[in-house]
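Below, each chain spelled out in residue letters.
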Amino acid sequence: MIQLSVLDQSTISKGSRATEALSQTVRLAQEAERLGYHRFWMSEHHLESLAHSSPEIMIPHVAAHTSTIRIGSGGVMLPHYSAYKVAENFRLLEALYPNRIDLGIGRAPGGIPIATGALQEYKHTNGDIFPQQVEDLIYYVTGSKDPNHRFPGLKAMPEITTNPQLWVLGSSGGSAGLAASHGLSYAFAQFISGQDGSGVVQNYQKRFYGSALQPGPKSLVAFFFVCADTDEEAEWLAKSYDIQFLKVAKGERMEGIVSPEEAAKYRLSGFDQQLIEENRRKILIGSPRTIKEQILAWKERYGSSEFMLASMVYDFEAKLKGYQLLSEEFGLNS
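Residues numbered from 1 in each chain as written. Predicted model: local features only at pLDDT ≥ 70, side-chain atom pairs only at ≥ 80, totals over all residues. Heavy atoms only, no water.

To continue, consider the environment of Ser10. Looking at the secondary structure, you find Ser10 in the loop between strand S1 (3-8) and helix H1 (18-35). Taking relative accessible area as the criterion, Ser10 reaches 1% and is therefore assigned buried. In this structure the C-alpha to C-alpha distance between Ser10 and Leu50, which are 40 residues apart in sequence, comes to 5.6 Å. Each residue touching Ser10, except ones within four places of it in the same chain, is listed here: Ala21, Leu22, Thr25, Ser49, Leu50, Ala51 and His52. (Helix = DSSP H or I, 4+ residues; strand = E, 2+ residues; numbered from the N terminus. Buried < 20%, exposed > 50% of the residue type's maximum accessible area, 1.4 Å probe, protein only. Contact = heavy atoms within 4.5 Å.)

Turning to the layout of surface pockets, a few remarks are in order. Here the second largest pocket defines a volume of roughly 240 Å³. Surrounding the second largest pocket, 16 residues form its lining, Arg91, Gly143, Lys145, Lys155 and Glu159 being those nearest its centre. In terms of residue class, the lining of the second largest pocket is built from 6 nonpolar, 6 polar and 4 charged. (1 Å grid on protein atoms, 1.4 Å probe; cavity = no way out; pocket = protein on both sides within 12 Å on 5 of 7 lines; lining within 4 Å. Points joined across faces, edges and corners; volume = space filled by probe spheres on them. Nonpolar A, V, L, I, M, F, W, Y, C, P; charged D, E, K, R; others polar.)

Another point: helix H5 (residues 130-141). With 12 residues, H5 ought to run about 16 Å at 1.5 Å a step, and its terminal C-alpha atoms sit 16 Å apart, in line with that. Across the 12 residues of H5, 9 count as buried, placing the element largely inside the fold. The inward-facing, buried residues of H5 contact helix H3 (83-96), strand S4 (101-106), strand S5 (165-170) and helix H6 (173-182). The first or second residue beyond H5 is Gly143, which carries a positive phi of 70 degrees. (Expected span 1.5 Å × (residues − 1).)

Enumeration over the complete set of coordinates arrives at 15 aromatic pairs. For the ring pair Tyr37 and Tyr323, a centre distance of 5.6 Å and an interplane angle of 85 degrees mean the geometry is edge-to-face. Within this pair, whereas Tyr37 is found in the loop between H1 and strand S2 (39-42), its partner Tyr323 is found in helix H14 (residues 316-330), the two being separated by 286 residues in sequence. Looking at Tyr323, the relative accessible area reads 2%, which means it is buried. With a centroid separation of 5.2 Å and an interplanar angle of 70 degrees, the aromatic rings of Tyr139 and Tyr140 are classed as edge-to-face. Across this residue pair, the class does not change: Tyr139 and Tyr140 are buried. Three or more aromatic residues link up through ring pairs in this structure, and these residues are Phe188, Phe223, Trp298, Tyr302 and Phe307. The cationic tip of Lys282 hangs over the ring face of Phe245; the distance from NZ or CZ to the ring centre is 5.0 Å. Over the ring of Phe330 we find Lys292; its NZ or CZ atom is 5.4 Å from the centre of that ring. (Phe/Tyr/Trp six-rings, centres within 6.5 Å; stacked < 30°, edge-to-face > 60°. Lys NZ or Arg CZ within 6 Å of the ring centre and 35° of its normal.)

Below, the structure written as structure tokens:
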């Protein structure tokens, strides 16, 4: 059985506004729930083309407008923050929406260097603190009573009987190894790296060490996708992605997702075409049947049964339709 989930970045289409994108995030979550998608995650990316970078604030808003779908972060960029405060936030969310909250964490900066500088201003650390932060987060989230911790007896309130589901996000063996050794779920971000991470995920599954949080390995793989009635229509819609990724790769200012019509007018050099081809490895493109075939093929390679799909389609109604078509193809509500 394959589970499909949604990653939403609250993208702003060119000519639109952030407030509209935020409203569309809520509507997409409601539709995802109706269509049978398993979970709905929101990202932390500090970029002008996205409406927010605070999944911990959007989660309760979206959870209040839905009733059954799991809601979470994809993810909180932990090195910017205190593990203790993150644990407090997500224990409170779990208390408000028990058995519905996912805490996805990552080590990437999630934005341009100037944003990272502002987020980490006055913080003085040497080396990679992420592994220690993961251990601390487990300590606080689970209410551990380890007497050897640096802050023994410190509790992340409120006291609750359930825990948020904890995921490590990444696109490398390092993050996967960390998740496996600590008994945590793992999400591989092919939509970020564009690289085949099947070996990374398979190693995570083989080396997984069970924990109170997760007795057995649990993994998912995340892609961008463009789904339409036909392969040809999907290719047309994907032109918006091509230009968006091209601008990111070249460090150009982004004014929002451009329409396929505007994207088609761009004059592309040979180097531009090469970058576009490389970026296409991040995206599943086609009709519902075509994308289903792609997902089934990736399932065999990864050995994972859950796929998380993110859409940057310019027109919101076309974005919604893509999720609807794929739900019908997979029979998510049957």
